[in-house]
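Examining the three-dimensional arrangement
Take a look at the letters that make up each chain.
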Amino acid sequence: MQIYKKANLKSFHTFNVDVTCDVLIVVETQEELVFAYKNAEWEALPKLLLGKGSNVLFTDHFKGVVIINRLLGIDVSNSVDSWKLHVNGGEDWPNLVAWTVEEGYFGLENLALIPGCAGSAPIQNIGAYGVEFKDVCEYVEVLDLDSFSVQRLNRAECKFGYRDSIFKNELYKKVVIVAVGLKLPKDWQPITSYGNLKALPNDELTAKRIFDEVCQVRMSKLPDPMVTGNAGSFFKNPVVSTQKFDQLKAMYPDMVAYASGDGMKLAAGWLIDQSGLKGMSIGGAKVHEVQALVLINSGNATTKDIISLASKVRSTVLDKYQISLEHEVRFYDSNKETYLHELVSD
Ligand code: FAD
Ligand code: EPU
């Protein structure tokens, strides 16, 4: 276990913004994780567990304890019809996906190159290219922060939704994820319903081919956080009623949308792009030139620059389309989670 006081968080989150915290602890075992929560020296301070920090924005010095999850280890077993992977929460998700494709445990290939830890994947039910974490999840193992016992939730109990789960709702701040169980059918079926994947010829439909295609498309659209600070899609794609969609579609016939439950999911990147915001910058924060849903740190962006730009994007889209974008990126101030509407008014 490593413990640092007054630590810089720059290398522990992907926006690459200069920000600090009172205490930073890197944990490698469940015992160390429990120690980090219970230790009397900082028991009263707020705690925040992070994987790779690829979906967070710190708005201030964090007057608390940031705990970095590095619980490693993967166990593979199998039943008659599926491979079963028990993956500890600190495992790197993109490495896990690449490894499964090499080993012949197929089913994760559409979720290639999503930065972060395996233990963070259930929080917002990560998704890309037609697959979500829920589609491969058998169970999620959590540490209860009251009893400090480990419990297992099955897939249904996790209440997964679009960028949503029980961990953002009923179990918010009550548990942390220590491991995930993945179930990958041996009778693998390709999923090619999304975007460029539709164009893959039938005789090329192997898991490796899909993995390569997803990696190639992602690398062409999304900025690499190792080079350019960002946290992926800054906002969620808004879901509107079919009635609202029909009104919008009459005014904007090219609007990009997909059926979602009872409503329609609109492409927020399209809304931002069509609002003329691509490439717009405030200080060191910029709307990505290729994928307008991504806000980047184009140099020395401060948190204030990113918040001002996010606010400008939100108010412009609201004025033009009467749609209020909700941020996917999780904001943390000096001691708790916070939200764009609490930091700036429209
Ligand atoms: P962190 O950013 O460290 O944490 C995110 C939140 O989860 C925080 O609130 C944190 O406190 C909480 N948390 C983390 N670990 C735990 C735990 N073990 N127990 C309880 N709470 C925890 N997301 C997608 O869904 N699809 C994409 O295609 C996608 N593409 C991306 C591309 C780029 C370039 C980037 C930078 C991000 C992208 N994201 C995408 C967002 C991000 O990759 C995911 O949200 C990922 O799951 C975050 O993992 P992390 O370990 O970095 O989480
Ligand atoms: N679009 C534009 N202009 C832009 C960006 C997008 O017109 O600047 C249009 C595209 O042409 C396309 C549509 O919007 O028709 C959707 O774009 P894309 O396929 O890039 O997907 P997205 O909706 O912007 C979502 C996820 C991504 C995920 C991809 C692929 C959300 C918030 N984002 O992006 O996840 O990788 O689909 O499945 O749901 C993330 O969550 O961080 C993330 C990157």
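The structure this text deals with has already been given above.
Below is a short write-up of the structure.

Parameters and conventions
- Numbers given for residues are sequential positions, taken from 1 along each chain in its written order.
- Just so you know, chain letters begin at A and ligand numbers begin at 1, following the order they were written in.
- Local features in this predicted model are restricted to residues of pLDDT 70 or higher, and side-chain atom pairs are both shown and tallied only at a pLDDT of 80 or more, whereas totals for entire chains, interfaces and linings draw on every residue.
- Hydrogens and waters are ignored; side-chain quantities use all the structure's heavy atoms.
- Near residues are defined by distance, with any heavy atom within 4 Å of the molecule or strand qualifying the residue.
- Identification of polar contacts relies on pairs of N or O atoms within 3.5 Å, with a donor-acceptor requirement for protein atoms, meaning one able to donate a hydrogen and the other able to accept it, and with residues adjacent in sequence counted only if both atoms are side-chain atoms.
- In this description, accessible areas are obtained by the Shrake-Rupley approach with a 1.4 Å probe, and a residue is regarded as covered only by the protein chains that are shown.
- Secondary structure follows DSSP: runs of H or I at least 4 residues long count as helices, runs of E at least 2 residues long count as strands, and numbering of each begins at the N terminus.
- Side-chain classes follow a simple rule in which Ala, Val, Leu, Ile, Met, Phe, Trp, Tyr, Cys and Pro form the nonpolar group, Asp, Glu, Lys and Arg form the charged group, and the remainder, Gly included, forms the polar group.
- Think of it this way: DSSP has to see at least two bridges between two strands before they count as a pair.
- Between N-to-C directions, angles span 0 to 180 degrees; the directions come from axes that are lines fitted to C-alpha atoms, helices contributing only their stretch in contact.
- The contact criterion used throughout is that any non-hydrogen atoms of two residues lie within 4.5 Å.
- Throughout this description, the term salt bridge denotes a Lys or Arg side-chain nitrogen within 4 Å of a carboxyl oxygen of Asp or Glu.
- In this scheme, a residue with accessible area under 20% of its type's maximum is buried, one over 50% is exposed, and one in between is partly exposed, where area comes from a 1.4 Å probe on protein chains only.

Taken together, 24 residues form the shell around ligand 2, and within it Tyr162, Tyr194, Ser233, Asp273 and Gln291 come nearest. At 2.9 Å from an oxygen atom of ligand 2 is found a side-chain nitrogen or oxygen belonging to Asn237. A total of 820 Å² of accessible area belongs to ligand 2 in isolation, and the protein chains cover 82% of it. Among the elements of the structure, helix H3 (207-221), strand S13 (229-233) and helix H5 (268-274) are those that each provide at least two residues to the shell around ligand 2. The greatest single-element share of the shell around ligand 2, amounting to three residues, is contributed by H5. For the shell around ligand 2, the residue count by class is 12 nonpolar, five polar and seven charged.

Note: strands within a sheet are paired through backbone hydrogen bonds, in either parallel or antiparallel orientation. If you walk across this open sheet you meet the five strands as S6-S7-S12-S10-S11, and the pairing is antiparallel. Edge positions in the sheet fall to strand S6 (74-78) and strand S11 (150-154), since each of these pairs with one other strand and no more. In this sheet, neighbouring strand axes are inclined to one another by 20° on average, regardless of whether the strands run parallel or antiparallel. Sheet topology places S6 next to strand S7 (residues 82-88); five bridges connect them, and they run antiparallel. Within S7, the residue paired with Asn78 across the bridge is Trp83. Across the sheet, helix H1 (residues 30-38) touches strand S10 (137-144), S11 and strand S12 (175-185), and the angle it forms with S12 is around 150°. Contacts from helix H2 (residues 93-103) reach S6, S7 and S12, with the element oriented near 155° to S7.

Applying the stated criterion across every chain, the model contains 17 salt bridges. Two residues, Lys52 and Asp92, come together in a salt bridge whose shortest N-O distance is 3.3 Å. Of the two residues, Lys52 is situated in the loop between strand S3 (47-50) and strand S4 (56-58) and Asp92 in the loop between S7 and H2; the sequence distance between them amounts to 40 residues. The exposure class of Lys52 is partly exposed, given its relative accessible area of 28%. With its nearest N and O atoms 2.6 Å apart, the salt bridge here joins Asp333 to Lys336. Judged by its relative accessible area of 39%, Lys336 is partly exposed. Through salt bridges that share partners, Glu132, Lys134 and Asp135 make up one connected network.

Surveying the vicinity of ligand 1 reveals 34 residues, the closest of which are Leu49, Ser54, Pro115, Ser120 and Tyr332. At 2.8 Å from an oxygen atom of ligand 1 is found a main-chain nitrogen or oxygen belonging to Gly51. Contact between ligand 1 and Lys52: an oxygen atom at 2.9 Å from a main-chain N or O atom of the residue. Coverage of ligand 1 by the protein amounts to 93% of the 980 Å² it exposes when considered alone. Contributing elements (two or more residues each) for the shell around ligand 1: S3, strand S8 (127-128), S12, S13 and strand S20 (330-332).

Geometry only, nothing functional implied.
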